[in-house]
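# Structure assessment
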Amino acid sequence: MKPVCVFVLILAISASSVISATRFRRNVRKDYKMCVAEDLLDLCNEMASQETKSTAKIICIPARDRMECIEKIKERQADFLTVDPEDMYVAKNIPNEDFAVFEEIRTKEEPEAEFRYEAVAVIHKDLNINGIEGLKGLNSCHTGIARNVGYKIPLTKLKHKGIIGSLTEPDISPRENELKALSNLFSNACIVGKWSPDPKINLRLKQKYSNLCALCEHPDICDYPDIYSGYDGALRCLAHHGGQVAWTKVIYVRKFFGLPVGITPAKPTNEDPTKFAYLCPDGSRVPATETPCTWAARPWQGYMTNAAVSKSVDELRRKIENLNSIGSKNHAAWMEKILELNDKSAPKENKIISPGDYLDKANYTDVVERDHGPPFKSIRFCVTSDEEKNKCRSLTKASFSRNIRPRFDCVQEKNVHDCMETISEDGADVITLDGGFVDVAIKDFNLKPILAEQYGPTGGTYYAVAVVKRDSHIESFEDLKGKKSCHTGIGRTAGYNAPLYTLVSKGLIRDRNCPYPKALAEFFSGGSCLPGAKDLKYNLDAATSDKLCSLCGGEVDTKNTSTKCNFDQSESYSGYTGAFRCIAEGGGDVAFVKHVTVPGNTDGNNQEAWAKDLKSEDYELLCPDGNRAPVSDYAQCHLAQAPPHMVVTSNEKSDSLVDEIRNALISASTLFTERPDLFKLFGSFNGKKDLLFKDSATGLVSFNGDSEVQKEYSKLLSVVNNCH
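Residues numbered from 1 in each chain as written. Predicted model: local features only at pLDDT ≥ 70, side-chain atom pairs only at ≥ 80, totals over all residues. Heavy atoms only, no water.

### Overview of the nonpolar core
Applicable threshold: What makes a nonpolar core is a set of buried Ala, Val, Leu, Ile, Met, Phe, Trp, Tyr and Cys residues whose side-chain atoms join them at distances within 4.5 Å. Categorising residues by exposure relies on relative accessible area from a 1.4 Å probe, with only protein chains included: less than 20% of the type maximum marks a residue as buried, more than 50% marks it as exposed, and the intermediate range marks it as partly exposed. By the convention used here, residues are in contact when the closest approach between their heavy atoms is within 4.5 Å.
Formed by 185 residues in total, the largest nonpolar core has its most connected members in Trp195 and Phe381. Residues in contact with tryptophan 195, not counting those within four places in the same chain, are Ile145, Arg175, Leu179, Asn202, Leu205, Lys206, Tyr209, Leu212, Cys213, Cys222 and Asn663.

### Some points on the side chain of aspartate 568
For clarity, the cut-off: Note on conventions: DSSP H or I runs of at least 4 residues are helices, E runs of at least 2 residues are strands, and numbering of each starts at the N terminus. For the purpose of charge, His is not counted, nor are the chain termini; Lys and Arg are scored as positive and Asp and Glu as negative. Any Lys or Arg side-chain nitrogen located within 4 Å of an Asp or Glu carboxyl oxygen qualifies as a salt bridge. Pairs of N or O atoms are called polar contacts if they sit within 3.5 Å, as long as, within protein, a hydrogen donor faces a hydrogen acceptor (for residues adjacent in sequence, only side-chain-to-side-chain pairs).
Within the secondary structure, aspartate 568 sits in the loop between helix H20 (542-549) and helix H21 (575-585). Buried aspartate 568, no salt bridge; nearest opposite-charge side chain is lysine 688, N-O distance 8.0 Å. Engagement of the side chain of aspartate 568 in a polar contact is seen with the side chain of serine 570, the distance being 2.4 Å. In contact with aspartate 568, other than residues within four places in its own chain, are Thr384, Ser385 and Ser574.

### Digging into helix H4 (residues 85-92)
Buried residues dominate H4, accounting for seven of its eight residues. Of the positions making up H4, those classed as buried are Pro85, Glu86, Asp87, Met88, Tyr89, Val90 and Ala91.

### Points about the sheet that holds strand E16 (residues 431-433)
This is how it is decided: What makes two strands pair is DSSP finding at least two bridges between them. Whenever a helix is involved, its axis is fitted only over the stretch in contact; in every case the axis is a line through C-alpha atoms, and angles between N-to-C directions fall within 0 to 180 degrees.
Taken in spatial order, the four strands of this open sheet run E16-E25-E17-E26, and their pairing is antiparallel. The outermost strands of the open sheet, each flanked by one partner alone, are E16 and strand E26 (699-702). Sheet twist, expressed as the mean angle between neighbouring strand axes with direction ignored, is 40 degrees. Judged from the four bridges that link them, strand E17 (residues 447-454) and E26 form a sheet pairing that is antiparallel. Residue pairing in the sheet places glutamine 454 in a bridge with glycine 699 of E26. Contacting E16, E17 and strand E25 (646-650), helix H17 (residues 435-445) crosses the sheet at an angle of about 165 degrees to E17.

### Some remarks on the pattern of salt bridges
The full count for this structure, using the stated rule, is 46 salt bridges. Taking the shortest distance from any N to any O, the salt bridge between lysine 377 and glutamate 660 comes out at 3.2 Å. One end of the pair, lysine 377, is in the loop between helix H14 (365-368) and strand E14 (378-383); the other, glutamate 660, is in helix H23 (residues 655-674), with 283 residues separating them in the sequence. The structure contains a network of salt bridges with shared partners spanning Arg66, Asp84, Glu86, Asp87, Arg298, Glu340, Arg402, Arg675 and Asp677.

### Comments concerning the environment of leucine 179
As for its position among the elements, leucine 179 is in helix H6 (residues 174-185). Residues leucine 179 and lysine 688, 509 residues apart in the sequence, show an inter-C-alpha distance of 40 Å. When near neighbours in sequence (up to four residues on either side) are disregarded, leucine 179 contacts Ile145, Tyr151, Trp195, Leu205, Tyr209 and Leu212.

### What about the environment of valine 309?
Checked against the element boundaries, valine 309 lands in helix H10 (residues 307-310). The buried category is assigned to valine 309, whose relative accessible area is 1%. Considered as a pair, valine 309 and glutamate 522 are 213 residues apart in the sequence and their alpha carbons are 63 Å apart.

### Observations concerning the sheet that holds strand E3 (residues 81-83)
Spatially, four strands are ordered E3-E12-E4-E13 in an open sheet, and the strand pairing comes out antiparallel. Where the open sheet ends on each side, the last strands, each with one partner, are E3 and strand E13 (345-353). Going across the sheet, the axis of each strand differs from the next one's by a mean of 30 degrees, ignoring polarity. In this sheet, E13 lies alongside strand E4 (residues 99-107) in antiparallel orientation, the contact comprising six bridges. Its bridge partner lying in E13, glutamate 104 is registered against lysine 348. Along the sheet, helix H3 (residues 66-74) contacts E3, E4 and strand E12 (301-306); its crossing angle with E3, the most-contacted strand, is approximately 125 degrees. Packed onto the sheet, H4 meets E3, E4 and E12 and runs at close to 110 degrees relative to E3.

### Here's the deal with the pairing of strand E21 (residues 590-594)
For E21, the buried fraction is high: five of the five residues fall into the buried class. The sheet contact formed by strand E18 (residues 462-469) and E21 spans four bridges and is antiparallel. When the bridges of E21 are listed, alanine 466 appears paired with phenylalanine 592.

So this is what it looks like as structure tokens:
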């Protein structure tokens, strides 16, 4: 009997082990959803297809940008993403967040370093100063304008210690407040770079605070390249160009003086480290040959998840390590674009930690939050819909975390006219307007344009065109009489002013046919969608309004007709894309849009259900001379060359306030054009088009006065407005 009992016992133990193992396997996560910007989806899928030793599977989840990815991680629609410390800052400020940083991206040179880099102040060992207060009047060497260790960190920490004076003078911009404070603190300095993205502002500031360029190689230029700029350049400035304090990274101090760095042994140089010391935040000093005292540190980049996934990331960590090995061998593009890894970096497991605690341990949170109020300045966008307000709020978070000042804010009004009035009364600061509304803003609301959108190859202008289907029998503008028309919106350039001007110029609508909206309704007797035509401020009779709104559909996808003929995006056939959608599916015979509208919504360039199968070859341009042309021939076949959409503000604002608006918006435009994966400033937002800026914009440039295109457009407006 004993052998039988033993056998039964073995079976019981084996069964128990099998059950336990099964349960264990069920608890091991095998699929991990990685969120990436939609523009990087193909690269992510290529990465996910790689065979690795890890059995984990990565599934790529597209999002608009990192801002939306962070939301998807929070909402459990995705599991992890690659993040910078700035993204961690955004994440930690989301209500009820439970994010976790589970892996770092470290350099191979310093694989055991706690932080990506540490900020230090270096002085001559025998410099006679009494504590931190002794910095006043010194010659100071910096890495460059707006850089972390050479600018943001010393500014932030010296402000907290009361060494720097006021940074909140209301009559000058945040950047000028900083420059003025540094100029007053130091006798001379070298701070190279673009002090403003606007060349005129940049030059004015450098002339006004010229002592901050005095220690540079080329004080009159004060820009890169300069041998006294950058991490080692600041030390060169200290050692050989009259500098008394240099703000730089620890790793560059050690390299400059020939000391060992991480796993790299010492390499002797001609510099003598025994003559220099670290200046500590408490005013003490440490020899440059010893462990430094730091002012702040920048955390590593890394990978972030949520609490639900953070309990089972071991296999994901192995997967990332395997992918790094494969990507390194093959020099794969996805390695840097998706995982933010290269041949000098590697993933490193860290103790799971919240993003807030991760930033705080580096003493870095206040560096990101660098804002020197109160009073806190802001640039208030005026928006006209909930969707536009949501984009504005997302831009606000992304921009603030990325050091764009002043911070942005959002004010919502019912329509564009209310926004113009609010800005004129100082209830908001900026709005982007079509050229037709810019004219109204100047004449009726005392506003002025300060920035212009750019549109790729055509620069700062665009072409208003008339689009018909290729199989249409319409051959001339005369043939449009009695047909059905699709417009971007009443009062707008491509969809209203340009076609109306063309019809008047050709005598198809007479000068005496006032008001013109009524004449337009009579000409297009088949019906129209002219968004905004139902607005009471246009004083249109009910019959005219009904005709001009007859083709409109409201929110077509949800069948919500309560928004029918609204001027904003709540009308599906509003705007450039909406007007084209009107001809594509809404029964229109002609659509008045801009030259990039058709190519932007056909041939797979718009993946929405209504557009994904459309072909550009199925549409043509209707020319004013009675011909038709391919959609690519807009330069020869158009109704008008229109000025760009422009950012306007109150004419009552001082030059310095206008400068800071320009500076902040151009900075945001520059950053997010180069890195749309961080935040997609130009392009659709949650499926809605042309919010804050036109989707087709590629950037913003400073605008100071009339252009030739603007003057010609003003002549067009004088004809169109002559009958209202």
